[in-house]
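Here are the chains, one letter per residue:
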Amino acid sequence: MKAEGRKLLKRVLAWSVVTAALLGGLPFTEVQAVNAATTSTKALQQDDLQDGVTLHCWNWSYNEIAENMEKIADLGYSAVQTSPIQQAKEGTKGKTVGSNWWVYYQPASFAIDNTGNSALGTKAEFENMCKVAHENNVKVIVDVVANHMGNETKNNLSNAIISDIKNDSSCWHDITTNTTDYSNRYNITQYCMDGLPDLNTSNSKVQNYVLGFLKECIDAGADGFRFDGAKHIETPQDSSSGCGSNFWSTVINGAASYASSSRGIDLYCYGEILDKPDSNGTLPVTAYTQYMSITDNETGNLLRNYVNSQNASGAGSSYYQKNFQGNVTASSL
């Protein structure tokens, strides 16, 4: 296959990540025509996930992902990404698929949900899914919510949160105040996202809980992580704004070291940085990219529009809006 053809296929597959997330189903039909023109899309799988394509299995259960894994691999995906697998503030099992996706983003603990109340499945089913993925040379990325936990109503704490965190005031920022000024890094990182109680991510206890959860996921078979709301978690370079901390170096470096020593793998991590770390561009993206890759939602939005308008040359472009290709992930999510 010629290089330009591989580039275009990769961009089309990247769009199918967005399609899968939006529709809650595997977008096989979107790539069938391209797949038929190739000798083997599985050959496009990349060991380095930065160069590969991830299928966002949004709201899929572990068993559904496992059952489709061979087809996922045949289509050339290098990885699958799950919805958050932490215990949520309420059960999701038996509820309408897609109607309660937001519950997964309001965790009550830093542990894989094994209560039997999650529509995603049990810990054993997650472990089996990882095993099936690895048998098909597909890696597993877990969506992690580390910035905040669940509420009962806006700006309070869910009763489901584990007591060791819930009852320790040092684990929380001011949960009565919401982020309003996106030009101000202190405001962005120290206040709540629309009433979701904001964790004090500079606190070593909180950091150890997050790191412990990542280690549990690695032991279960995870190969990487996507960090939800990463721009709302401070970096060391935020010290000038009065809110710097070592959260990312502690959590990501600790998890990467553990993954290497326990399983001999290079951990892949990326964070959700929508637009810029702050609206006036005070903090450079390098404050994050020294630890992980970041989302480039502007590129993802353009890719979506190109595909919708059947603009093949636009969809095949290798240009990234953040102009930082080494550590960006094209995504509209």
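Higher on the page you've got the structure.
Procedures and definitions
Residues numbered from 1 in each chain as written. Predicted model: local features only at pLDDT ≥ 70, side-chain atom pairs only at ≥ 80, totals over all residues. Heavy atoms only, no water. Axes fitted to C-alpha atoms, helices over the stretch in contact; angles between N-to-C directions. Helix = DSSP H or I, 4+ residues; strand = E, 2+ residues; numbered from the N terminus. Parallel < 35°, antiparallel > 145°, perpendicular 65-115°, else oblique. Left-handed = near helix turned anticlockwise from the far one by under 90°. Contact = heavy atoms within 4.5 Å. Nonpolar A, V, L, I, M, F, W, Y, C, P; charged D, E, K, R; others polar. Salt bridge = Lys/Arg side-chain N within 4 Å of Asp/Glu carboxyl O. Buried < 20%, exposed > 50% of the residue type's maximum accessible area, 1.4 Å probe, protein only.

Participant: Where do I start with the packing of helix α8 (residues 204–220) against helix α9 (residues 247–263) in this structure?
Facilitator: Helix-helix packing: each pair is described by the crossing angle between the helix axes and the interaxial distance. As a packed pair, α8 and α9 sit with axes 9 Å apart at the nearest point and diverge in direction by 25°. Judged on the interaxial angle alone, α9 and α8 are roughly parallel. In the crossing of α8 with α9, the sense of the turn from one axis to the other is right-handed. Residues Q207, V210, L211, L214, K215, I218 and D219 of α8 lie in contact with α9, whose contacting residues are F247, T250, V251, G254, A255, Y258, A259, S262 and R263. A breakdown of the residues in the contact of α8 with α9 according to their chemical character gives nine nonpolar, four polar and three charged.

Participant: Is there a simple way to think about the pattern of salt bridges in this case?
Facilitator: Oppositely charged side chains are able to pair whenever their charged atoms sit close together. Counted by the stated rule, this structure contains eleven salt bridges. One salt bridge in this structure joins K95 and E90, with 2.9 Å as the shortest N-O distance. A residue is classified by how much of its surface remains accessible, and K95, at 39% relative accessible area, is partly exposed. Residue R226 pairs with D143 through a salt bridge whose shortest N-O separation is 3.0 Å. One end of the pair, R226, is in strand β6 (residues 224–227); the other, D143, is in strand β5 (residues 139–144), and 83 residues separate them in sequence. By relative accessible area, R226 is classed as buried at 7%. According to the relative accessible area criterion, D143 is buried, its value standing at 0%. Taken together, the shared-partner salt bridges connect D143, R226, D228 and E272 into one network.

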